Amino acid sequence: MTSFEPAAAVPPSASDDRSLVLARRLESVAQRIDAATAAAGRTDRPRLIVVTKFHPAADVRRLAALGVRDVGENRDQEASAKAAELTDLDLDWHFIGQLQSNKAKSVAKYASSVQSIDRIQLVSALEKAVAREREATGRADLECFIQVSLEDDAGAHRGGARPSDVEAIAEAIGRSAGLRLAGLMAVAPLGAEPESAFERLAAVSAQLRVQHPDAAAISAGMSQDLESAIKFGATHLRIGSDILGSRPAVG
Ligand SMILES: *Cc1c(COP(=O)(O)O)cnc(C)c1O
């Protein structure tokens, strides 16, 4: 698994105006990642997942031509349509949104990771779906991230399991054939200091690794807070608007 490395030059196939904008924004995010990684004294480089929700498959194709391999989506309907349109590309699709159990079957067809696992019931749905898909296509293990809520009681809710429920979900994933526990995912609470949230996430991760030493991934950090996430050990960043621009309003 390699993290995103900016292409030395924009390939000729990607020289339309939109590609130039995407290339410039990718480059500037890559520089922020480098600066934050150096400031944190880290020698590893977090993996950049470009969140392409609400943007067309054509943009994903442009990003792929610029060297992006990891893309993130938060709605199955949109993600499955894009993945079906882009089967010729070598991409890893990461599912990062709230997931209903009845969508597990669809997600297992294209996703290499699900980062938003917040309950045991979803683990069993994913296990069944991956088994079915493995039989049909020989798909690889599904990388599983447990989404942790970092809300205080006062904060607005943005999803995820309570830290006290993480171990039970981790054990369920560990017992499931075809699922591999990668680690944790979280979104910093709205209107709160991201550093203290990510510091708490790092503590939940340390606790998880007591029983699950290989579950070391921490998916944290979005456009607004990637520096704080890197400071507190994020191994995966999920960046949307600072690369693709603001999301079109949905009706
Ligand atoms: C949309 C989204 C992101 C990307 O957020 P930006 O602020 O656009 O960078 C990251 N993680 C999740 C879970 C998201 O839904």
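These lines cover the structure that appears in this document, whether it is placed above or below. The structure displayed is predicted, hence computed values, not measured ones. Starting from 1, residues in each chain are numbered consecutively following that chain's sequence as written. Where totals are concerned, whole chains, interfaces and linings use all residues; where local detail is concerned, this predicted model gives features only for residues with pLDDT of at least 70, and gives and counts side-chain atom pairs only at 80 or more. Hydrogens and water are ignored here; the side-chain numbers use all heavy atoms of the structure.

## Regarding the nonpolar core
Inference 1: The biggest cluster of nonpolar side chains holds 68 residues, and the ones touching the most others in it are Ile117, Leu126, Ile173, Leu201 and Ile243.
Inference 2: In what follows, residue pairs with any heavy atoms lying within 4.5 Å of each other are defined as contacts. The residues contacting Ile117, other than those within four sequence positions of it, are Leu122, Val123, Leu126, Cys144, Phe145, Ile146, Gln147, Ile169 and Ile173.
Inference 3: Residues grouped as a nonpolar core are buried Ala, Val, Leu, Ile, Met, Phe, Trp, Tyr and Cys residues, joined through side-chain atoms within 4.5 Å. Categorising residues by exposure relies on relative accessible area from a 1.4 Å probe, with only protein chains included: less than 20% of the type maximum marks a residue as buried, more than 50% marks it as exposed, and the intermediate range marks it as partly exposed. Counting seven residues, the second-largest nonpolar core is a separate cluster that includes Ile96, Phe145, Ala182 and Ala217.

## Points about the environment of Gly138
Inference 1: Numbered from the N terminus, helices here are DSSP runs of H or I no shorter than four residues, and strands are runs of E no shorter than two. Checked against the element boundaries, Gly138 lands in the loop between α5 (120-137) and β5 (142-147).
Inference 2: Counting along the chain gives 74 residues from Gly138 to His212, while the straight-line C-alpha distance between them is 26 Å.

## Regarding the site of the ligand
Inference 1: The nearness test applies per residue and asks whether one of its heavy atoms lies within 4 Å of the molecule or strand. Every residue near the ligand is listed here: Val51, Lys53, Ile96, Val187, Met222, Ser223, Arg238, Ile239, Gly240, Ser241 and Arg247.
Inference 2: Any pair of N or O atoms that falls within 3.5 Å is considered a polar contact. Within protein, one atom must be able to donate a hydrogen and the other to accept it, and sequence-neighbouring residues count only if both atoms are side-chain atoms. In this structure, an oxygen atom belonging to the ligand sits 2.7 Å away from a side-chain N or O atom of Lys53.
Inference 3: One of the backbone nitrogen or oxygen atoms of Gly240 is found 2.8 Å away from an oxygen atom of the ligand.
Inference 4: When isolated, the ligand has an accessible area of 390 Å², and the protein chains bury 89% of it. Each accessible area is a Shrake-Rupley result for a 1.4 Å probe, and residues are judged covered by the shown protein chains and nothing else.

## A look at unusual backbone geometry
Inference 1: With phi around 70°, Phe54 is a residue other than glycine that occupies positive phi space.
Inference 2: Counting through the fold element by element, Phe54 comes out in the loop between β1 (47-51) and α2 (57-65).

## Quick look at the side chain of Thr37
Inference 1: Its location among the elements puts Thr37 in helix α1 (residues 17-39).
Inference 2: Polar side-chain contacts of Thr37 include one of 2.6 Å to the backbone oxygen of Ile33.
Inference 3: Beyond its immediate sequence surroundings of up to four residues, Thr37 is in contact with Arg42, Asp44, Pro46 and Ile230.

## Some remarks on the pairing of strand β3 (residues 92-95)
A regular strand places its side chains so that they alternate between the two faces of the sheet.
Inference 1: The sheet contact formed by strand β2 (residues 70-73) and β3 spans four bridges and is parallel. Note on β3: the bridge partner recorded for Glu73 is Phe95.
Inference 2: Seen with its strands pointing away from the viewer, a crossover is right-handed if its path from the first strand over the helix to the second goes clockwise. After leaving β2, the chain enters helix α3 (residues 76-85) and then returns to the sheet as β3, a path that is right-handed.
Inference 3: Taken together, the three bridges between β3 and strand β4 (residues 111-117) define a ladder with parallel strand orientation. Bridging across to β4, Phe95 finds its partner in Val114.
Inference 4: One crossover worth recording links β3 to the parallel β4 by way of helix α4 (residues 104-110), and it is right-handed. Two strands are counted as paired when DSSP detects at least two bridges linking them.

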